[in-house]
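Chain by chain, the residues run as shown.
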Amino acid sequence: PDGTEFNSKAKAINYMNTSYSSSSRLQSRPFIQQNVSPATSTSLIDTTKKLNPLYSPFGLLEELFLTDPWRLLVSTICLNVTTRMQVDRALYHYLQRWPTAEATVNANWEEISTIISSLGLGTKRAKGLIRFSKEYVALIAESNNTAFLLTEKEVKSLYNIGQYGWTAYEVFILKQLPTGSVKVCDHALQLYVEYQIGRLASESTETLTFS
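Caption draft 1: Highlighting the overall build of the protein. Within the protein one finds 9 helices and 0 strands. Taken from N to C terminus, the helices and strands of the protein fall in the order α-α-α-α-α-α-α-α-α. Each of the 211 residues in the protein was classed as buried or not, and the buried ones make up 43%. Sequence-distant contacts in the protein: of pairs separated by 6 or more residues, those separated by 24 or more amount to 53%. For the protein, the computed accessible surface area is about 11800 Å², with 52% contributed by carbon and sulfur atoms.

Caption draft 2: The environment of Ser-75, seen in detail. Residue position: Ser-75 is located in helix H2 (residues 69–78). For Ser-75, a relative accessible area of 0% corresponds to the buried category. Taking the C-alpha atoms as reference, Ser-75 lies 7.4 Å from Leu-91; in sequence the two are 16 residues apart. In this structure Ser-75 touches Leu-61, Glu-62, Phe-65 and Leu-91, once residues within four positions along its chain are discounted.

Caption draft 3: Layout of the environment of Tyr-94. If you trace the backbone, Tyr-94 turns up in helix H3 (residues 84–97). Its relative accessible area of 0% is what places Tyr-94 among the buried residues. Excluding anything up to four places from it in sequence, Tyr-94 contacts Trp-70, Val-74, Thr-104, Ile-112, Ile-115, Ile-116 and Leu-129.

Caption draft 4: A look at the nonpolar core. Ranked by internal contacts, the top residues of the largest apolar core, which has 52 residues, are Leu-91, Tyr-94, Ile-112, Phe-132, Tyr-136, Tyr-169 and Phe-172. Counting residues per element, the ones that place at least two in this core are H2, H3, helix H6 (122–142), helix H8 (163–172) and helix H9 (187–202).

Caption draft 5: The arrangement of H6 in detail. For H6, with 21 residues, the first-to-last C-alpha span of 30 Å sits near the 30 Å given by 1.5 Å per residue. Within the span of H6, buried status applies to Gly-122, Arg-125, Ala-126, Gly-128, Leu-129, Ile-130, Phe-132, Ser-133, Tyr-136, Leu-139 and Ile-140. Where the residues of H6 are buried, they touch H2, H3, helix H4 (101–105), helix H5 (109–115) and helix H7 (152–157).

Scoring rules and cut-offs
Residues numbered from 1 in each chain as written. Predicted model: local features only at pLDDT ≥ 70, side-chain atom pairs only at ≥ 80, totals over all residues. Heavy atoms only, no water. Helix = DSSP H or I, 4+ residues; strand = E, 2+ residues; numbered from the N terminus. Buried < 20%, exposed > 50% of the residue type's maximum accessible area, 1.4 Å probe, protein only. Contact = heavy atoms within 4.5 Å. Areas by Shrake-Rupley, 256 points an atom, 1.4 Å probe, with all protein chains shown as cover. Core = buried A, V, L, I, M, F, W, Y, C linked by side-chain atoms within 4.5 Å. Expected span 1.5 Å × (residues − 1).

Structural measurements only, silent on function.
Shown next, in the form of structure tokens:
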């Protein structure tokens with residue numbers, strides 16, 4: 001795919017309406033109304049031109065953590081071998097209790113396991129979050145606190161962070177889109193990348209770095 005499927009807001013909205021048409025809650029009303037004027041709002045979405053262009057119609061969890069690399073990477077760990085629906089509530093309660101890497105480092109893994117038990121792999125994931133956070137804190141200290149400029153090697157060196165975590169970091173923190181053939185390791189990220197490439201193409205943007 002080259003991104004043309006999502007090179008306009010109308011096409012993206014049409015895709016979302018089609019995708020959600022099977023939901024009984026939404027059969028009577030499209031997920032997003034296509035005939036909303038640029039200056040008006042609905043209860044579902046504000047379509048003013050002041051929206052951050054990094055946000056997409058897909059509402060990926062990672063979009064919530066554009067300014068917090070640690071939380072972004074935590075979200076990718078939680079999304080591993082589970083679903084977004086399961087992660088939303090568990091991650092909310094987790095971040096309420098342990099909002100930073102430093103807080104997680106000092107946490108009791110059994111307490112974390114209780115909070116995230118609904119995600120599965122409770123003990124392993126809880127201990128993994130603590131180990132990841134310890135390595136993250138050490139890495140940032142070694143990198144002179146450049147949490148927003150980590151390399152692929154550095155990100156992948158962190159416990160429980162693989163290709164998916166790196167791709168999310170590259171796209172949402174470094175704000176860099178893949179060049180050439182669009183191949184992303186996660187279907188949701190794939191849609192997001194294609195949407196952003198299409199958006200940039202429609203705006204006649206000459207670079208694939210976006211902000």
